Amino acid sequence: MEKGEKLSIEITDVTSAGDGLGRSIEGAAIFVHGALPGDTVTCELTKVKKNYAIAKLVSVDIASEHRTGAACPYMGRCGGCVFGGYDYEKQLEIKKKHVEDAFSRIGKIENVNVEKVIGMERPLRCRNKATFTFYEKRKGSEEIGFGFYEAGSHRIAGVEDCRLQTEAAVAAAGATARFMTETSVTAYDKRSRRGTVMNLVVRTSSLNGSVMAILVVNGKDNKWQRLDLAVLAEAMDEAVYEAGMRAAEAEAGSGPSGLVQARESEGQLEPKYSLESFYLNINKGEGPGIFGKKFEFVAGTHTIVDAIGLARFELSPESFYQVNGEGAEKLYDAVWGYAGLQDGQTVFDLYCGVGSIGLYLSKRAHDKIRLIGIESNKSACLNANRNAVINRVVNALYYQGKAEEVLPDLLEKEPELRADVAVLDPPRAGCDQALLESVTSVGPDRIIYVSCDQPTAARDMLYLSDKGYELVETTVVDMFPFTGRVESVTLLRKSSE
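Conventions and cut-offs
- Counting of residues starts from 1 at the beginning of each chain's written sequence and follows it residue by residue.
- Since the coordinates come from a predicted model, pLDDT governs what is reported: local features require at least 70, and pairs of side-chain atoms require 80 or more to be given and counted, while whole-chain, interface and lining totals use all residues.
- The basis for every side-chain value is the complete set of non-hydrogen atoms in the structure, without hydrogens or water.
- Strands here are runs of E lasting at least two residues and helices are runs of H or I lasting at least four, both read from the DSSP assignment and numbered beginning at the N terminus.
- This radius of gyration counts C-alpha atoms alone. The globule rule is 2.2 Å times how many residues there are, raised to the power 0.38.
- Under the scheme applied here, a residue whose accessible area is under 20% of the maximum for its type counts as buried, over 50% as exposed, and between as partly exposed, the area being computed with a 1.4 Å probe on protein chains only.
- Should any heavy atoms of two residues lie within 4.5 Å, those residues are considered in contact.
- A pair of strands is considered paired only if DSSP assigns at least 2 bridges between the two.
- Every residue gets a pLDDT, meaning the predictor's confidence in that residue, from 0 to 100.
- Angles shown run from 0 to 180 degrees and are taken between the N-to-C directions of axes, each axis being a line fitted to C-alpha atoms and, for helices, limited to the stretch in contact.
- Working definition of a nonpolar core: buried Ala, Val, Leu, Ile, Met, Phe, Trp, Tyr and Cys residues. They are joined through side-chain atoms within 4.5 Å.
- Residues with no salt bridge and a relative accessible area higher than 30% make up the patches, which join like charges within 9 Å and nonpolar side chains (Val, Leu, Ile, Met, Phe, Trp, Tyr) within 5 Å.
- Reported accessibility uses the Shrake-Rupley method at a 1.4 Å probe radius. Residues are deemed covered only where the shown protein chains occlude them.
- By salt bridge we mean one thing: a side-chain nitrogen of Lys or Arg within 4 Å of a carboxyl oxygen of Asp or Glu.
- By the counting scheme adopted, Arg and Lys are positive, Glu and Asp are negative, and His together with the chain ends is not counted.
- Where a charge lies is defined by one atom per residue type: Lys uses NZ, Arg uses CZ, Asp uses CG and Glu uses CD.
- A 3.5 Å cut-off defines polar contacts: any pair of N or O atoms within that distance qualifies, except that in protein one atom must be a possible hydrogen donor and the other a possible acceptor, and neighbouring residues in sequence count only when both atoms are side-chain atoms.

## Let's talk about the overall build of the chain
- A tally of helices and strands in the chain yields 10 helices and 24 strands.
- Here the C-alpha radius of gyration of the chain, 24 Å, is about what a compact globule of 497 residues would show, namely 23 Å.
- If one aligns the C-alpha atoms of the chain with their principal axes, the spans along those axes are about 70 × 65 × 50 Å.
- The 497 residues of the chain split such that 53% are buried.
- Looking at the chain alone, contacts between residues at least 24 apart form 65% of all its contacts between residues at least 6 apart.

In structure tokens, the structure reads:
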């Protein structure tokens with residue numbers, strides 16, 4: 001094989017990044033972005049290594065029977081929905097296989113038992129948090145558009161809509177782009193590091209349609225101080241209201257079988273969404289994340305409230321919270337089923353965020369369990385304590401700090417401290433080994449590992465297996481429809497040997 005060579009291959013598998021896998025006549029693996037299992041494609045080799053090659057898709061010559069057509073007009077440019085043109089049930093099969101492959105290959109687990117794969121009943125408009133970026137539509141023009149960074153680049157794919165996000169989030173982004181155009185506010189460019197507005201982050205509550213908007217500005221460009229935030233707030237408020245009315249009318253017209261959240265008041269439909277909270281975030285490049293250290297409250301309420309099952313959660317701008325409300329309830333139901341909690345038992349909720357998993361378990365257990373939560377983000381930890389109050393859960397203690405540091409300190413202060421169940425919900429990088437050592441030293445009967453990154457989960461399970469824990473069962477939950485990502489919930493039980 002040589003760079004620039006064109007080949008016709010059959011695609012037999014696909015990676016989580018959306019790279020179809022086929023093989024050359026000699027048996028070398030060839031990865032083709034945008035190709036899907038069942039396709040026969042023509043591709044052009046762009047990188048050739050000893051045992052594999054990377055190629056760009058030239059044409060789909062024979063389409064897989066499971067191709068459904070593009071889920072949205074931006075699919076080829078945005079790159080977010082790598083499975084957007086594939087049958088949803090087949091997407092679930094692919095994600096199940098990705099979990100099984102990671103656990104067996106990296107975790108060295110034989111006969112991986114994925115009990116079930118849970119899909120979304122409503123895979124569109126399922127995200128409750130959106131992050132938009134802005135760009136100059138034409139060089140030298142003041143017309144601003146919004147969109148998302150293309151995967152692995154600083155290029156922005158401009159969109160008019162994203163069907164994974166709520167109508168309210170898209171409306172807020174559109175209003176911001178129009179405000180920037182009308183007031184000659186520049187968009188931040190990552191390459192030149194110039195421009196005023198960097199991002200708009202929008203949260204939407206599935207409980208009552210409340211919307212929180214956080215405008216992120218370049219703190220090194222003092223022009224942000226001249227922004228008329230009152231005008232922007234009014235524009236966003238109006239746009240969100242109009243989007244909420246359209247959504248309410250559409251759902252009311254869907255009939256008794258539809259999801260009708262619109263309420264009737266004096267014969268009039270109320271909007272599904274309303275802008276309730278507006279913040280400014282000033283980012284001076286303090287870290288790799290979206291937000292800078294300084295938040296300024298602009299208008300409305302300081303927090304919004306969402307719900308997962310019987311539990312209510314107060315959200316601030318920085319709160320870590322599951323981005324799919326419907327999926328979160330399915331995910332937490334799986335955790336509840338694996339926990340098998342009895343009255344008086346103790347649960348360690350590690351990497352607990354705003355306390356959502358532990359508090360959900362507590363409400364399901366009629367508040368008859370003890371919770372110990374640890375979270376590194378100060379704002380989220382404050383939210384967790386506040387959420388315990390909101391949910392009237394009195395047997396919950398939350399500690400702020402890195403779980404791998406806080407838990408050993410707790411065990412030193414309370415040598416008799418034990419947990420019946422430990423719930424681990426780490427970031428994509430997985431658990432710190434020091435934390436795993438501390439958890440296993442406590443000796444919980446069950447460890448429930450929640451993960452959005454299967455390779456790191458498998459790595460950690462390999463460590464836990466060496467410490468005497470056996471993988472019992474895994475449930476896969478499609479929290480991220482049409483993308484290559486998936487969430488897993490795994491039950492590990494302490495070996496009786």
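Following the structure, the description resumes.
## Concerning the pairing of strand 9 (residues 156-159)
- For strand 8 (residues 144-149) and strand 9, the ladder comprises 4 bridges, and the chain directions are antiparallel. Residue pairing across strands places Tyr149 opposite Ile156, the latter belonging to strand 9.
- In this antiparallel pair of consecutive strands, strand 8 and strand 9, the connection spans 6 residues, and Gly152 shows a positive phi of 70°.

## So, the confidence of the model for the chain
- Of the residues in the chain, 97% have a pLDDT of 70 or more, and the chain-wide mean is 92.
- Confidence drops under pLDDT 50 across residues 255-266; counting only partners more than four residues distant or on other chains, this segment forms 17 contacts.

## Examining the sheet that holds strand 7 (residues 129-136)
- Strand order in the open sheet made by the 7 strands is 9-8-7-10-11-14-15, with mixed pairing throughout. Of all strands in the sheet, those bounded by a partner on one side alone are strand 9 and strand 15 (294-300). When strand polarity is set aside, the average angle formed by the axes of neighbouring strands in this sheet is 30°.
- Here strand 7 runs beside strand 10 (residues 197-204); their pairing, made up of 5 bridges, is antiparallel. In the sheet register, Thr131 faces strand 10, and the bridge partner there is Val201.
- Most of the contacts of helix 4 (residues 229-252) go to strand 14 (residues 274-283), to which it runs at about 140°, and overall it touches strand 10, strand 11 (210-218), strand 14 and strand 15.

## Digging into the nonpolar core
- The biggest cluster of nonpolar side chains holds 50 residues, and the ones touching the most others in it are Tyr398, Val423 and Ile448.
- Of all the elements, helix 5 (residues 325-339) adds the most residues to this core, at 7 residues.
- Excluding residues within four positions of it along the chain, Ile448 makes contact with Val335, Tyr338, Ala339, Val421, Ala422, Val423, Leu424, Val489, Thr490 and Leu491.

## Some points on the sheet that holds strand 21 (residues 421-424)
- If you trace the 8 strands from one edge of the open sheet to the other, you get 6-23-24-22-21-18-19-20, paired in mixed fashion. The outermost strands of the open sheet, each flanked by one partner alone, are strand 6 (114-118) and strand 20 (396-400). Across the sheet, the mean angle from the axis of one strand to that of its neighbour is 15°, orientation sign disregarded.
- For strand 22 (residues 446-451) and strand 24 (residues 487-494), the ladder comprises 6 bridges, and the chain directions are antiparallel.

## Comments concerning unusual backbone geometry
- Of note in this structure, Asn111 is not a glycine but carries a positive phi near 55°.
- Mapped onto the elements, Asn111 comes out in the loop between helix 2 (88-105) and strand 6.
- Judged by relative accessible area, which is 74%, Asn111 ranks as exposed.
- Despite not being glycine, Arg392 has its phi angle at roughly 55°, a positive value.
- Note on placement: Arg392 falls in the loop between helix 7 (378-390) and strand 20.

## Quick look at a negative patch on the surface
- Side chains of Glu405, Asp409, Glu412, Asp432 and Glu437 sit close together on the surface and give a patch of like negative charge.
- Per-element tally for the negative patch: the top contributor is helix 8 (residues 403-413), with 3 residues.
- Residue placement: Glu405 occurs in helix 8.

## Structural notes on the side chain of Thr475
- One can find Thr475 in strand 23 (residues 469-477).
- Take Thr475: its relative accessible area is 2%, and that puts it in the buried class.
- Separated by 2.8 Å, the side chains of Thr475 and Tyr338 make a polar contact.
- Setting aside chain neighbours within four positions, we find Thr475 in contact with Lys116, Ile118, Ala334, Tyr338, Glu487, Ser488 and Val489.

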